[in-house]
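# Architecture and fold: a report
These are the residues of each chain, in order.
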Amino acid sequence: MPSETMNAIVLRYANYRERDRMLSLLTPEHGRVEVLSRGCRRPKSPLMTASELFVQGEYVVFRTGERFTLTACTVADTFYPLRLEPYRLTCGTYMLGLCQVAAQPEQPAEGLFSLLLRGLTHMTYCQDEAAIAIMNAFLLLYASEIGYRPRLNHCAKCKTLLSQEGNAHLDIQAGGLLCNACAGNHQNSLTQEQVSWMRDVLARGFEVALTQADTALFNILRRYVESRIESTIKAGRLLP
Ligand SMILES: [Zn+2]
């Protein structure tokens, strides 16, 4: 039987017919996979939990040509506590939306999958960390994962090594910081502390301190990322 098991996270769903759902899954091996979850909205359906947003697990799917139907799932985590906190829930939903845009069918997405799993874990279980700091780290790592890592050491226009003094200027179109000569009256001003935190995140991922609710940085990173992917994601507009 053409049955396959894939580790996956539910990015999105659309209710379909009376009791079905079409799930959009993020998988490491196959990128984004659209799967029909038949009867999952029926009371007591064994697929009910597996057909909710954020759920991660081993999804067993049956393949007919280009179509996939969910037959079973061993749930690893539902990230349930996320649903109890509206603000963190919005952040988590934003992460899903960003991954939905970046993941393509049949294009391996190991890095993106692992980033989403780590992001959701921090957002759900690390209550001592600031939600917006987790989101900022996620946005930076996401940009890097999809090939738009911002240039933070050399001027994105003239390539000179940047000074470590005074404010820095992030140019969204140029894809990184600008030196004083290239910056002119640039408005995306960042402090050296913000820049060194960003460098740290790009080097060490979520291992950095995630305690500062830096909403100004969030606004800049959100615009940076959304201009790169040429999409605006609804949940992001509700933040910070
Ligand atoms: Zn320059």
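Residues numbered from 1 in each chain as written. Predicted model: local features only at pLDDT ≥ 70, side-chain atom pairs only at ≥ 80, totals over all residues. Heavy atoms only, no water.

### Quick look at the overall build of the protein chain
Quick note on the threshold: Where helices and strands are cited, they refer to DSSP runs of H or I of at least four residues and of E of at least two residues respectively, numbered from the N terminus. The globule rule is 2.2 Å times the number of residues to the power 0.38, and the radius of gyration it is compared with is taken over C-alpha atoms. Burial classification: accessible surface area is computed with a 1.4 Å probe over protein chains only, and a residue below 20% of its type maximum counts as buried, one above 50% as exposed, and the rest as partly exposed. Contacts: residue pairs with any heavy atoms within 4.5 Å of one another. Per-residue and other accessible areas follow the Shrake-Rupley method at a 1.4 Å probe size, with only the shown protein chains counted as cover for residues. Under this rule, positive means Lys or Arg and negative means Asp or Glu; His and the chain ends count for nothing. Lysine's charge is taken at NZ, arginine's at CZ, aspartate's at CG and glutamate's at CD.
Each helix and strand in the protein chain was counted, giving seven helices and eight strands. Relative to its length of 240 residues, the protein chain is compact, with a C-alpha radius of gyration of 20 Å against a globular reference of 18 Å. With the C-alpha coordinates aligned to their principal axes, the bounding extent of the protein chain is approximately 65 × 35 × 30 Å. When each of the 240 residues of the protein chain is scored for burial, the buried share is 50%. Taking the intrachain contacts of the protein chain between residues at least 6 apart in sequence as the baseline, contacts between residues at least 24 apart amount to 60%. As displayed, the protein chain offers around 11800 Å² of accessible surface, 50% of which is attributable to carbon and sulfur atoms. Each charge sign in the protein chain was given a centre, from 25 positive and 23 negative side chains, and these centres are 7 Å apart.

### Here's the deal with the coordination of the zinc ion
Going by this rule: Nitrogen, oxygen and sulfur within 2.8 Å of a metal are treated as its donors, or within 3.2 Å for sodium, potassium and calcium (Na, K, Ca); water is not counted, so a site can appear incomplete. Under this scheme a four-donor centre is tetrahedral when all angles range from 85 to 135 degrees, a four-donor centre is square planar and a six-donor centre octahedral when opposite donors are above 155 degrees with the rest from 65 to 115, and any other centre is irregular.
Surrounding the zinc ion are the protein donor atoms Cys155 (SG), Cys158 (SG), Cys179 (SG) and Cys182 (SG), at 2.3 to 2.4 Å. If you look at the zinc ion, its four donor atoms make angles of 103 to 116° with each other, and the shape they trace is tetrahedral. Sequence positions of the residues that donate to the zinc ion give the spacing C-x2-C-x20-C-x2-C. Of this pair, Cys158 sits in the loop between α3 (131–145) and β6 (168–171) while Cys182 sits in helix α4 (residues 180–183), and the two are 24 residues apart along the sequence. Of the residues examined, Cys182 reaches a relative accessible area of 25% and is grouped as partly exposed.

### Thoughts on the sheet that holds strand β4 (residues 56–64)
To keep it simple, the criterion reads: Paired strands, in this sense, are two strands between which DSSP finds at least two bridges. Fitting a line to C-alpha atoms yields each axis, with helices limited to the stretch in contact; the angle taken between N-to-C directions then spans 0 to 180 degrees.
As summarised here, the arrangement of the five strands in space is β1-β2-β3-β5-β4, forming a closed barrel in which the pairing is mixed. Strand-to-strand, the axes of this sheet are offset by a mean angle of 50°, without reference to chain direction. The strands that helix α2 (residues 110–125) touches are β1 (3–16), β2 (20–27), β4 and β5 (67–77); relative to β1, the one it contacts most, it runs at about 65°.

### Here's the deal with helix α6 (residues 215–229)
The condition is simple: The span you would expect from a helix comes to 1.5 Å times its residue count less one. Two N or O atoms form a polar contact when they lie within 3.5 Å of each other; inside protein one atom must be a possible hydrogen donor and the other a possible acceptor, and for residues adjacent in sequence the pair counts only when both atoms belong to side chains.
The end-to-end C-alpha separation of α6 is 21 Å, in line with the 21 Å expected for 15 residues at 1.5 Å each. The set of residues buried in α6 consists of Leu217, Phe218, Ile220, Leu221, Arg222, Tyr224, Val225, Glu226, Arg228 and Ile229. In this fold, the buried residues of α6 make contact with α1 (86–102), α3, β6, β8 (189–190), α5 (192–204) and α7 (234–237). The opening residue of α6, the one whose side-chain oxygen lies 3.4 Å from the backbone nitrogen of Ala216, is Asp214.

### Focus: the sheet that holds β6
Strand order in the open sheet formed by three strands is β7-β6-β8, and the pairing between neighbours is antiparallel. Looking at strand neighbours, the two that pair on one side only are β7 (176–178) and β8, the edges of this open sheet. With two bridges connecting them, β6 and β8 associate as antiparallel partners. Residue pairing across strands places His169 opposite Ser189, the latter belonging to β8.

### Topic: the domain arrangement of the protein chain
Filter applied, for reference: Annotation comment: domain bounds sourced from an automatic or database domain assignment. Throughout, buried area stands for the accessible area (probe radius 1.4 Å) lost by two parts on being put together, summed over both. Any Lys or Arg side-chain nitrogen found within 4 Å of a carboxyl oxygen on Asp or Glu counts as a salt bridge.
Each domain of the protein chain was delimited in the assignment, giving domain 1 (3–77) and domain 2 (80–237). Taking the mean C-alpha position of each, domain 1 and domain 2 sit 29 Å from one another. Contact residues are listed per partner, giving 21 residues for domain 1 and 22 residues for domain 2. Interface area for domain 1 against domain 2, summed over the two sides, is near 1800 Å², with a carbon-plus-sulfur share of 62%. Our enumeration of links across domain 1 and domain 2 arrives at zero salt bridges. Put simply, domain 1 and domain 2 have nine residue pairs in polar contact (both at pLDDT 80 or more) between them.

### Topic: the pattern of salt bridges
On inspection of all chains with the given rule, the structure shows eight salt bridges. Residue Arg88 pairs with Glu85 through a salt bridge whose shortest N-O separation is 3.9 Å. Residue classification places Glu85 among the partly exposed positions, given a relative accessible area of 31%. Its salt-bridge partner being Glu226, residue Arg222 comes within 3.5 Å of it at the nearest N-O pair.

### Comments concerning the pairing of strand β3 (residues 31–37)
In summary, the side chains of a regular strand alternate between the two faces of the sheet. Most of β3 is tucked away: six of the seven residues are buried. Relative to β3, β2 is paired through seven bridges, and the arrangement is antiparallel. Bridge pairing links Ser24 to Glu34 in β3. Bridging between β3 and β5 involves two bridges; their strand directions are parallel. Paired with Val35 across the strands is Phe68, a residue of β5.

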